[in-house]
Every structure is written in structure tokens, then in C-alpha cells.
Amino acid sequence: MQELKSEGFSRRNAERELYKSFFYLIKEAEKKYGIENEEAASVYSDTVLVIIKNVTSGKFEGRSSLKTYIYQIFSNKCVDLLRKRTTNKGKIEDTMPYDSLVYELPDETKDIIQKLIARDEKQQVLERLNEIGEKCKELLLLFEDGYSDKEIAEFMKYQSADVVKTTRQRCMEKLKSKFNLTSR
């Protein structure tokens, strides 16, 4: 860990060794959480970057083993990924009807059309966010950016994380109603 705090070649070498040491977590995420290999590798890379940042900044105090620390962060990031999939945003994307002709197009054309559809959907969400009020918009965008309810409560001066959670759920209901969606 001292090498991670150093500079130059020894730090890069230590980063590389850290990355290799826990590479098996990618396979574990595939089995335990049902995450695709590519997504698991991305989560793992993010985890290693967080570990390096926390070690170099002194945030990692060594009260647990490095293995335990990296496993916990990795697990939390996997759960976060699964939660993002199960949000209403994910449901909208998963159930979006594509014209059957799109699948018959060449890959390049299909990619362009899918990007245009995604851009249009994003624009629609932004327009609806403007319709539900500034506070709701800000809260939902902070949540989407990965801030916890506790962090949002502190930032937006709410009484507690529970108040933020309740407010966020109400804001989501407002947003859903703008899309004429019903909660399940």
C-alpha cells in the first residue's frame, strides 16, 4: 500500500498489481449478481479506482484487510448497478417497442437509429423534469448522479434522508404521471 502512495513507476506497478490481485471478482459478480462480464469488468475498474483514491488520500485506514475493503466496495457497486436496472428509467428502456424493421437494418444504421431514439427519450425526460418543479428536478437529478438520500438531505437542507426518500418517491410519481405511466 505504501507503493500506491508513492509516485512514478512504483505506483503504476502497484496499481497494476492491485488490479490483477482481485480480478477474480469479475467472475464472482457474474455468478452472484447475474451481471454481464463487460459490466462486471467496468464495476471492477471503478472499484479499483476508488480503492487507489482512498488509499492515496488516507481514507482507507487499514481497520480491515484490503481484500475485505475491496470486496465490500465492489459488492456495493454491483448492487448499485442492479438498482439502476430496476428503476423506472430502466423499465422504460427495457420495454421500449422497437419497430421490427430496425433489427433488419445494417449494424451501423441500427446504431445510429438507436442513438437518435435514446437522444429523443432523454430530451423528453428533461422536458418532463422541467414540468414537475425545480425542487423535484434537482432532487431527481442528484439521485440519478449517484448521490445518496443522506447526501441530498445535507445538500438541499432537508431534515433527514427519510424525508428525501419520501419526497423523491413523490417526485417520481409526478414524473411518471407526465409520461402517463402507472405505478405497478
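So, how was this worked out
Residues numbered from 1 in each chain as written. Predicted model: local features only at pLDDT ≥ 70, side-chain atom pairs only at ≥ 80, totals over all residues. Heavy atoms only, no water. Core = buried A, V, L, I, M, F, W, Y, C linked by side-chain atoms within 4.5 Å. Buried < 20%, exposed > 50% of the residue type's maximum accessible area, 1.4 Å probe, protein only. Helix = DSSP H or I, 4+ residues; strand = E, 2+ residues; numbered from the N terminus. Contact = heavy atoms within 4.5 Å. Axes fitted to C-alpha atoms, helices over the stretch in contact; angles between N-to-C directions. Parallel < 35°, antiparallel > 145°, perpendicular 65-115°, else oblique. Left-handed = near helix turned anticlockwise from the far one by under 90°. Nonpolar A, V, L, I, M, F, W, Y, C, P; charged D, E, K, R; others polar. pLDDT = per-residue confidence, 0-100.

### Details of the nonpolar core
- Core analysis: the largest hydrophobic core is formed by 22 residues, its most contacted members being Leu18, Tyr44, Ile51, Ile70, Phe74 and Cys78.
- Listed by contribution, the elements that provide at least two residues to this core are helix 2 (9-21), helix 3 (25-33), helix 4 (37-57) and helix 5 (66-86).
- Looking at which element gives the most residues to this core, the answer is helix 4, with 7 residues.
- Excluding anything up to four places from it in sequence, phenylalanine 74 contacts Leu25, Ile26, Ala29, Ala40, Val43, Tyr44 and Thr47.
- Membership of the second largest hydrophobic core comes to 12 residues, among which are Leu129, Ile132, Cys136 and Cys171.

### A look at the packing of helix 8 (residues 134-144) against helix 9 (residues 149-156)
- Running from N to C, helix 8 and helix 9 point in directions that differ by 140 degrees, and their axes come no closer than 10 Å. The angle between helix 8 and helix 9 falls in the class oblique. Crossing angle aside, the handedness with which helix 8 passes helix 9 is right-handed. Here Lys135, Glu138, Leu139, Leu142 and Phe143 of helix 8 lie close against helix 9, whose contacting residues are Asp149, Ile152, Phe155 and Met156.
- Class assignment for the residues of the contact of helix 8 with helix 9 results in 6 nonpolar, no polar and 3 charged.

### Side note on the confidence of the model for the protein
- In the predicted model, the protein carries a mean pLDDT of 82, and 86% of its residues have values of at least 70.
- Counting interchain partners and residues more than four positions distant, the pLDDT-below-50 stretch residues 92-97 has 3 contacts.

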